[in-house]
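Structural features, examined
If you want the building blocks of each chain, they are given just below.
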Amino acid sequence: MAETENKSKVHVDKMDFYYGAVQALFNINMDIAEKKVTAFIGPSGCGKSTFLRTLNRMNDIIDGTRLEGKVMIDNSDIYSPMTDVVGLRKKIGMIFQKSNPFPKSIYDNIAYGPRIHGVKDKNKLMEIVESCLIKSALWDEVKDRLDTSAMGLSGGQQQRLCIARALAINPEIVLMDEPASALDPKSTLKIEDLINELKKDYTIIIVTHNMQQAGRVSDYTAFFYEGHLIEFGATGQIFTKPNQKQTEDYITGRFG
């Protein structure tokens, strides 16, 4: 069992995952620590993003997928027939590789989620919008143009807006699927600084193909290869003294 020393937020036990007849994940066991950053690394197609999407049941929307084993969040089995999937996704924000702001104003992008969940009071909505833009380090750049289209923002700003939008529904866990891979170095640094700030309040899980990034932002690192979790542990240990030769070969660039 791959474990962390801190309080566990997500517990995965003997998890197998299938796309139709094809098995994509094999016997995954992992405890993900609360209010820490956990990075998933490994070559393309190794199962990192598939695993990430099992945590908010995003794979459910793909026909023929099947999960065996357990995924527990706060000791609750999220694949139980009793699980309210809408409620689950409210608890878990998701940031995608490509920023995907709605073609609406900056304000409406962030107010969208709270409105769906019943917040109608304009003062309360403004409070949420301001708070989330401050948390995503975007407020100073956009506070004078909240009613202008989000599509007019730069790529890096759009990605931070998507982070603000994810925070607006007050999640406990934030999933990030290669959130900086389409950004320039300066914007990437802003996203990384943001991740370090956000982990004070949120459990963050990030898929990254950039090992330097994993080393900079994460407390724990999981190395996946061909659907298997090869090694999982504190990031310092994984990067300096991995237990598996395969992990060492990947990190030192011998393959992948």
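In what follows, the structure referred to is the one given above.
Keep in mind that what you see is a predicted model, and the values were worked out from it rather than measured. (Residues numbered from 1 in each chain as written. Predicted model: local features only at pLDDT ≥ 70, side-chain atom pairs only at ≥ 80, totals over all residues. Heavy atoms only, no water.)

Scanning the protein for helices and strands turns up 10 helices and 10 strands. Computed over C-alpha atoms, the radius of gyration of the protein comes to 18 Å, within 12% of the 18 Å expected from 2.2 N^0.38 for 256 residues, which places it in the range of a compact globule. For the protein, the spread of C-alpha atoms along the principal axes amounts to about 55 × 45 × 35 Å. Across the 256 residues that make up the protein, the buried fraction comes to 50%. Intrachain contacts of the protein at a sequence separation of at least 6 include 67% that bridge at least 24 residues. (Helix = DSSP H or I, 4+ residues; strand = E, 2+ residues; numbered from the N terminus. Rg over C-alpha atoms; globule rule 2.2 N^0.38 Å. Buried < 20%, exposed > 50% of the residue type's maximum accessible area, 1.4 Å probe, protein only. Contact = heavy atoms within 4.5 Å.)

This part is about the pattern of salt bridges. Inspection of the entire model under this criterion finds 18 salt bridges. A salt bridge links Asp74 to Lys9; the nearest nitrogen and oxygen atoms lie 2.9 Å apart. With Asp74 in the loop between strand E4 (65-73) and strand E5 (76-77) and Lys9 in strand E1 (residues 8-19), the pair connects residues that are 65 residues apart, well separated along the chain. Overall, Asp74 belongs to the partly exposed group, its relative accessible area being 31%. (Salt bridge = Lys/Arg side-chain N within 4 Å of Asp/Glu carboxyl O.)

Applying the stated rule across the entire model yields seven aromatic pairs. Between Phe51 and Phe224, the ring centres sit 5.6 Å apart and the planes meet at 45°, which makes this aromatic pair tilted. Here Phe51, found in helix H1 (residues 48-54), pairs with Phe224, found in strand E9 (residues 220-225); they are 173 residues apart in sequence, far enough to count as distant. A relative accessible area of 0% means that Phe51 is categorised as buried. Overall, Phe224 belongs to the buried group, its relative accessible area being 0%. Taking 5.0 Å as the distance between ring centres and 20° as the angle between the ring planes, the aromatic pair formed by Phe223 and Tyr250 counts as stacked. Of this pair, Phe223 sits in strand E9 while Tyr250 sits in helix H10 (residues 245-251), and the two are 27 residues apart along the sequence. (Phe/Tyr/Trp six-rings, centres within 6.5 Å; stacked < 30°, edge-to-face > 60°.)

Attention now goes to the packing of helix H3 (residues 106-116) against helix H4 (residues 122-135). Running from N to C, H3 and H4 point in directions that differ by 115°, and their axes come no closer than 9 Å. The angle between H3 and H4 places the two elements in the roughly perpendicular class. Every pair of crossing elements has a handedness; the one defined by H3 and H4 is right-handed. From H3, Ile106, Tyr107, Ile110, Ala111, Pro114 and Arg115 reach across to H4, where they touch Lys122, Leu125, Met126, Ile128, Val129, Cys132 and Leu133. Within the contact of H3 with H4, the residues separate by chemical class into 11 nonpolar, no polar and two charged. (Axes fitted to C-alpha atoms, helices over the stretch in contact; angles between N-to-C directions. Parallel < 35°, antiparallel > 145°, perpendicular 65-115°, else oblique. Left-handed = near helix turned anticlockwise from the far one by under 90°. Nonpolar A, V, L, I, M, F, W, Y, C, P; charged D, E, K, R; others polar.)

As a further point, take the nonpolar core. Within the largest apolar cluster, 43 residues are counted, with the highest numbers of intra-cluster contacts made by Leu133 and Met176. If sequence neighbours within four positions are ignored, Leu133 has contacts with Ile106, Ile110, Leu138, Trp139, Val142, Leu146, Leu161 and Ala164. Formed by 31 residues, the second largest nonpolar core is a distinct cluster that contains Met30, Phe40, Cys46 and Val207. (Core = buried A, V, L, I, M, F, W, Y, C linked by side-chain atoms within 4.5 Å.)

The next thing to look at is the environment of Thr252. Along the polypeptide, Thr252 turns up in the segment after H10. A relative accessible area of 47% means that Thr252 is categorised as partly exposed. Along the chain, Thr252 and Ala234 lie 18 residues apart, while their C-alpha atoms are 17 Å from each other. Reaching out from Thr252, the side chain makes a polar contact with the backbone oxygen of Glu248 at a distance of 2.7 Å. Only 3.4 Å separates the side chain of Thr252 from the backbone oxygen of Asp249, close enough to count as a polar contact. (Polar contact = N/O pair within 3.5 Å; in protein donor to acceptor, adjacent residues only side chain to side chain.)

On to helix H7 (residues 185-198), then. An ideal rise of 1.5 Å per residue puts 20 Å on 14 residues; H7 measures up with 20 Å between its terminal C-alpha atoms. Buried within H7 we find Ser187, Thr188, Ile191, Glu192, Leu194, Ile195 and Leu198. Viewed end-on, H7 has its buried residues packed into an arc of 160°, placing them on one side of the element. When the buried face of H7 is taken as reference, the exposed residues oriented beyond 90 degrees from it are Pro185 and Lys186. (Expected span 1.5 Å × (residues − 1). Arc of directions from axis to C-beta.)

This part is about the environment of Asp74. Linking Asp74 and Asn29, residues 45 residues apart in sequence, is a C-alpha distance of 16 Å. Apart from the residues lying within four places of it in its own chain, the contact partners of Asp74 are Lys9, Lys91 and Glu172. Among the polar contacts made by the side chain of Asp74, one reaches the side chain of Lys9 at a distance of 2.9 Å.

There is about 500 Å³ of room inside the largest pocket. Surrounding the largest pocket, 20 residues form its lining, Arg89, Phe102, Arg165, Ala166 and Ile169 being those nearest its centre. Of all the elements, strand E6 (residues 92-95) adds the most residues to the lining of the largest pocket, at four residues. For the lining of the largest pocket, a count of residues per class yields 12 nonpolar, five polar and three charged. (1 Å grid on protein atoms, 1.4 Å probe; cavity = no way out; pocket = protein on both sides within 12 Å on 5 of 7 lines; lining within 4 Å. Points joined across faces, edges and corners; volume = space filled by probe spheres on them.)

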